[in-house]
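Analysis of the macromolecular model
Here is what each chain is made of, one letter per residue.
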Amino acid sequence: MHINKNKMTNICVLLAGGNGNRLGGELPKQFIKIAGKTIIEHSIDIFEKSEQINEIAIVINPMYVQQIEDIVIKNQYKKVKKILQGGKERSDSSLAAIRAYEHEPNSDHFNLIFHDAVRPFVSLSIIDKVISAMEKYNAVDVAIPATDTIIEVDEANFITNIPRRSKLRQGQTPQAFKLSTIRNAYKLAAQDPAFTSTDDCGVVLKYLPQEKVYVVEGSQSNIKVTYELDLFIADKLFQLKHLDLNTQELLQNQKETLKSKVIVVFGGSYGIGKDIVNIFNEIGAKVYAFSRTHNNVNVKDKKAVSKALKSVYDKNGKIDFVINTAAILNKEPLMNLDPESIQEITQVNYIGMINVATESFKYLKQTQGQLLLFTSSSYTRGRSSYSIYSSTKAAVVNFTQAIAEEWKNFDIKVNCINPERTQTPMRIKNFGIEPEGSLLKSKEVAKVSIQTLLSDFTGQIIYVKK
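As a starting point, this report considers the structure included with it.

What counts as what
- Residues numbered from 1 in each chain as written.
- Predicted model: local features only at pLDDT ≥ 70, side-chain atom pairs only at ≥ 80, totals over all residues.
- Heavy atoms only, no water.
- Pairing = 2+ DSSP bridges.
- Helix = DSSP H or I, 4+ residues; strand = E, 2+ residues; numbered from the N terminus.
- Axes fitted to C-alpha atoms, helices over the stretch in contact; angles between N-to-C directions.
- Patch = residues over 30% accessible without salt bridge, like charges linked within 9 Å, V, L, I, M, F, W, Y side chains within 5 Å.
- Areas by Shrake-Rupley, 256 points an atom, 1.4 Å probe, with all protein chains shown as cover.
- Salt bridge = Lys/Arg side-chain N within 4 Å of Asp/Glu carboxyl O.
- Buried < 20%, exposed > 50% of the residue type's maximum accessible area, 1.4 Å probe, protein only.
- Contact = heavy atoms within 4.5 Å.
- 1 Å grid on protein atoms, 1.4 Å probe; cavity = no way out; pocket = protein on both sides within 12 Å on 5 of 7 lines; lining within 4 Å.
- Points joined across faces, edges and corners; volume = space filled by probe spheres on them.
- Nonpolar A, V, L, I, M, F, W, Y, C, P; charged D, E, K, R; others polar.

On to the sheet that holds strand E19 (residues 461-464). Strand order in the open sheet formed by 6 strands is E13-E12-E14-E15-E16-E19, and the pairing between neighbours is parallel. Strands with a single pairing partner mark the edges of an open sheet, and in this sheet they are strand E13 (286-290) and E19. The average angle at which neighbouring strand axes cross in this sheet is 20°, direction not considered. As paired strands, strand E12 (residues 262-266) and E13 are joined by 5 bridges and run parallel to one another. Along E13, the bridge assignment pairs Val 265 with Ala 289.

Structure representation (structure tokens):
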């Protein structure tokens, strides 16, 4: 490890020593997959991305060292330098990290940033705030205001105290310490025969009472996956992951990256698809639009999809991104739809998506590219008068998540854009003119779609809202 003697070295210690008994599965909870990756991969990803983090150490149950080594190799994590064996208690895992670094050269300039491996939603902004606070303090915690009333009870389950909620916080991680501070706290704790702890800040608070522990504000979404319900919530949080529209203007280096890409857009002659094509054309990327109206390519026709993709490949020798915005919406009660209309909606919205995916696979495998699909805000709840449309859009979400896992080993990313109600020709045709300002502009959705292509997301449902 290269050390700058004039600057603190920030080391993330991912605590993954648990055995996951509370979830009742065969594998520890950190190895459960959500949105195409294990929980611990999501947690490593965020610290790997942080410019503030110099190194990552993972503390793991000895039985699962091989699994972690495989994950590190597969993802080519550059910052993971140590895989340490944890103990029975949380404090044993913290001690394993302290002992691993206390004899390193220049260890007086080390910050240890402990984080629960099963908190995969920690943000870069929280990490930045913690490290910024470490410039002034020797111990830093992360917490959010308590939302429920907390009661204290005695052995007989009678209330003895109700603390003021305004002064209560719910603790999260990361928790950060100067190495010397947390090391000294644990040295004193080792002399206490009654020592028990599940929280490193608690060790500092008890054994170094003169040391103030500063609290950084966390996030409601920075949840810890402990119980089965947490898995459900975590899955939904990943589904609703969205990008801030205010940050979606492309940077010059991103434009340069896109100039070298070859993009195919099905449904590219109107609405969001057309706006995507226009943006790529403005950048100077090689983009090819196919649709029923523009060049008689209907996605329900597998041969037509195959021919379209082959024509692009023959011209360019590669295809980097395939986008499918093609869809049909008929706003009519189910019993008013004739069989031909039902068949057409299902074929275009569902079978068409499958055709685009299967025919794109070999090209995206070659470039380690991305397939981008589109759902609708109606996928979460079937809507009266467009039951076929909303149910096919629900299928897009499940399809995205499943294919993202199937194709992960081929390094193909698969994501899905879920825009709120958007002003498109298809919507105007079915709903008429709606109040100004009540709908997303299709160009805004197009911008987020292109940013998603530039991200490392896979298996994500990107929620775009006003």
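There is more to say, and it comes next.
Residues Ile 151, Val 153, Ile 159 and Ile 162 make up a contiguous nonpolar surface patch of roughly 360 Å² in combined accessible area. Structurally, Ile 159 can be placed in strand E9 (residues 159-161). For Ile 159, a relative accessible area of 51% corresponds to the exposed category.

Here the focus is the side chain of Thr 458. Counting through the fold element by element, Thr 458 comes out in the loop between helix H15 (442-454) and E19. The buried category is assigned to Thr 458, whose relative accessible area is 10%. Leaving out residues up to four positions away in the same chain, Thr 458 has contacts with Ala 35, Ala 404, Ile 412, Lys 413, Val 414 and Asn 415.

Quick look at empty space enclosed by the protein now. Over the atoms rolls a probe the size of a water molecule, and in doing so it shows where empty space is left. Evaluation of the coordinates by the stated rule reveals 3 cavities of 30 Å³ or more. As for the second largest cavity, its lining consists of Asn 324, Ala 326, Asn 349, Met 353, Leu 373, Phe 374, Lys 393 and Val 396. Among the secondary structure elements, those contributing two or more residues to the lining of the second largest cavity are helix H12 (339-367), strand E15 (370-374) and helix H13 (387-407). For the lining of the second largest cavity, the per-class residue count stands at 5 nonpolar, 2 polar and 1 charged.

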